[in-house]
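Structural characterization, general
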Amino acid sequence: MAKNIIKQVRWWLLAIVIWAGAWAQDEFVQFTYYDQLTWSPDGKQLAFRCILLDESQPERFKIHILVKDLALDRLVCLNPQPEQLVVAQDKKQLIFSSSFGLYLMSLKPLSPPVQIYFRDPTSKWYFQEFGFLKKDNGIYIDRFEPGTGQTMRHYFSLPTGQIAAAGSSWVEPIAKERIRSSTFNLREAAMSTSEPRAMKLKKATLQFVSRAEPGGYDLVLQPSGLRAQAATVLLKNVRPRLLSTNPRQSDAILSVLSSTGNLTFHYAMSSGKFSAIDSSRYYALAWLDEDRYLCITDQGLMLRSLDRSLDQKLNDWPMPSWCHSISLALPQYELQVGFEPDRPAAEKIAARLAKLGYFARIKYFQDEKKSGYRIRLGGFSTKIEAQQFASQLKRHGFKYWIVPIDDWYDYFNAEHAGEHRRYDESTEAIIEYKFDRYLRSRIVLKRPGQPARVIVDEMNNIPDRGNW
């Protein structure tokens, strides 16, 4: 009874955390920028770079490579960043979530993941929970919608046979009345959101004890038994992030936020040794046995052992050879061709550049000495590339400065020229951009004698978004 109450409280608190984060997120806009269109050799797939920008965190953005399978009409992310994980109880498979959906990965034998469920990263619903079913070769997904405060459970059947090619394996919905199965997952540890923040070991208990000042905790080791010694404080004034023990309850791994940043520790009951093992945070963890565990860290999805003789990064995802030309690197330099005290003058220069086929962005600048509008264009990896491009502007009478890009959010959230990429004489893909305070991107396919067709729609939560 007590365990059920604690579990319910835990999920209510987790829902509150998700809702609060989602509510705050809905106050800000997320949008995507597409570029670097690349056709597959057979013309059946189209890859591109997708940059997810967030108004609430303009200095942070996520860069991914997406592939549109035209025959199957599916969109797949090739380099997902794992966020949560669940391992099947038989330890043969795992599922992890990312901004773009769910991925199925074989552990026996170990093989790259395959996307099985797509999610628009700007959607207003979130994965609250997901996992395997004991029977029916299926999975369940709990989708939490902050707008309604409701969680809806959905059931799906997994693809049969060997999972291999990206985009070829996709879950199919199962009617709820057909489900006769319970969940079938290993116990996992994730962000600690409820009290008591404690874990039992064989002969002791590890517990985060709240301090007098709000938000701070001490990590306390409390021995158990008739001859138990006094409690020992292992860490002072930290914030708990994760606490997990192996199946034998002989070892524990915990992550905290300290005054110096995120830290992860290992406590061995047999030796009493408490040691730091990582200077990054563990977001989720599942034990495969007494010694090996899977975890999601700032580095990605890792397979590790307690003594670190095994330390394997699993999310170095293989990329199709025809996608190798797509770069995840950001341009470092642009050209500034003018600085005007008022915006109309800056817009005249931008209009003049537009007639020549160049899109310029106008950025307001102010310091103690001057204020005005910068007119900038281009995006280059090196100064040499910028210099080569600048020679074209010089022929049209423009002066220029090569300047570093230091405002990525504003750089991408600006007017851009559409990108065209032909597969052959009859097939062309076009990235269309539309700017109205926020940038909107979509990809259109054009073929002779056929109306233009949107094959990758815009992904954003721009409020009161009008027609294209």
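Scoring rules and cut-offs
- Residues numbered from 1 in each chain as written.
- Predicted model: local features only at pLDDT ≥ 70, side-chain atom pairs only at ≥ 80, totals over all residues.
- Heavy atoms only, no water.
- Pairing = 2+ DSSP bridges.
- Helix = DSSP H or I, 4+ residues; strand = E, 2+ residues; numbered from the N terminus.
- Axes fitted to C-alpha atoms, helices over the stretch in contact; angles between N-to-C directions.
- Salt bridge = Lys/Arg side-chain N within 4 Å of Asp/Glu carboxyl O.
- Buried < 20%, exposed > 50% of the residue type's maximum accessible area, 1.4 Å probe, protein only.
- Phe/Tyr/Trp six-rings, centres within 6.5 Å; stacked < 30°, edge-to-face > 60°.
- pLDDT = per-residue confidence, 0-100.
- Contact = heavy atoms within 4.5 Å.
- Expected span 1.5 Å × (residues − 1).
- Core = buried A, V, L, I, M, F, W, Y, C linked by side-chain atoms within 4.5 Å.

As a further point, take the sheet that holds strand S3 (residues 61-69). Here 4 strands make up an open sheet; going across it, the order is S1-S2-S3-S4 and the pairing antiparallel. Of all strands in the sheet, those with a lone pairing partner are strand S1 (30-39) and strand S4 (74-77), marking the two edges. Across this sheet, the average inter-strand angle for adjacent strands is 30 degrees, counted without regard to direction. Pairing between S1 and strand S2 (residues 45-54): 8 bridges, direction antiparallel. Residue pairing for S2: Asp35 is matched across the bridge by Arg49.

What follows covers the pattern of salt bridges. Oppositely charged side chains can pair when the atoms bearing their charge come close. In total, this model carries 22 salt bridges according to the counting rule given. Two residues, Asp278 and Arg304, come together in a salt bridge whose shortest N-O distance is 3.1 Å. A residue pair is termed long-range when its members are at least 10 positions apart, and Asp278 in strand S20 (residues 273-278) and Arg304 in strand S23 (residues 300-305) qualify at 26 residues. Looking at Arg304, the relative accessible area reads 4%, which means it is buried. Of the charged contacts in the structure, one is a salt bridge between Arg361 and Glu334, with a shortest N-O distance of 2.6 Å. Residue Arg361 is located in strand S26 (residues 360-366), and its partner Glu334 is located in strand S25 (residues 333-340); the two are separated by 27 residues in the primary sequence. By the burial criterion, Arg361 is buried, and Glu334 matches it. Shared partners join several salt bridges into a network, and the residues in it are Glu334, Arg361, Lys363, Arg376, Asp407 and Asp410.

With that settled, the discussion passes to unusual backbone geometry. Of all residues except glycine, most have a negative phi; of all peptide bonds, most are trans. With omega at -5 degrees, the peptide bond leading from Lys108 into Pro109 counts as cis. Within the secondary structure, Pro109 sits in the loop between strand S7 (101-106) and strand S8 (114-118). Phi angles above zero are rare outside glycine, and Lys91 is one such case at about 65 degrees. Mapped onto the elements of the fold, Lys91 is located in the loop between strand S5 (84-87) and strand S6 (93-98). Residue classification places Lys91 among the partly exposed residues on the basis of a relative accessible area of 28%.

Going through the model one piece at a time under the given rule, you end up with 24 aromatic pairs. Look at Phe31 and Tyr438: their rings are 6.1 Å apart centre to centre, the planes differ by 55 degrees, and that puts the pair in the tilted class. With Phe31 in strand S1 and Tyr438 in strand S31 (residues 438-446), the pair connects residues that are 407 residues apart, well separated along the chain. Classification of Phe31 by relative accessible area gives buried; the value is 0%. On the basis of relative accessibility, which here comes to 6%, the residue Tyr438 falls in the buried class. Ring plane angle 80 degrees and centroid distance 5.1 Å describe the contact between Tyr411 and Phe412, whose orientation is recorded as edge-to-face. Here the two residues Tyr411 and Phe412 agree in accessibility, since each one is buried. Members of the aromatic cluster, each reached through a chain of ring pairs, are Tyr33, Phe61, Trp408, Tyr411, Phe412 and Tyr433.

Take the confidence of the model for the protein next. In low-pLDDT regions, the fine details of the predicted coordinates are not to be read closely. With 89% of its residues at a pLDDT of 70 or more, the protein has an overall mean of 88. In the model, residues 1-25 has pLDDT below 50 throughout and makes 22 contacts with residues more than four positions away in sequence or in other chains.

An order of S5-S6-S7-S8 is seen for the 4 strands of this open sheet, with the pairing classed as antiparallel. Each end of this open sheet is capped by a strand with a single partner; those strands are S5 and S8. In this sheet, neighbouring strand axes are inclined to one another by 20 degrees on average, regardless of whether the strands run parallel or antiparallel. Of the pairings in the sheet, the one linking S6 to S7 comprises 6 bridges and is antiparallel in character. Note on S7: the bridge partner recorded for Gln93 is Ser106.

Look at helix H3 (residues 383-395): 19 Å from first C-alpha to last across 13 residues, which is about the 18 Å you get at 1.5 Å a residue. Burial in H3 covers these residues: Ala386, Phe389, Ala390 and Leu393. Of the surrounding secondary structure, the elements contacted by the buried residues of H3 are S25, helix H2 (343-355), strand S27 (371-380) and strand S28 (401-404). Immediately downstream of H3, the backbone of Gly397 shows phi near 85 degrees, a positive value.

This next bit is on the nonpolar core. Within the largest apolar cluster, 51 residues are counted, with the highest numbers of intra-cluster contacts made by Phe48, Val87 and Ile443. Beyond its immediate chain neighbours, meaning those up to four positions away, Phe48 contacts Tyr34, Asp35, Gln36, Leu37, His64, Ile65, Leu66, Leu75, Ile326, Ile443 and Val456. Listed in part, the 17 residues of the second largest apolar core include Val337, Ala346, Tyr373 and Phe398.

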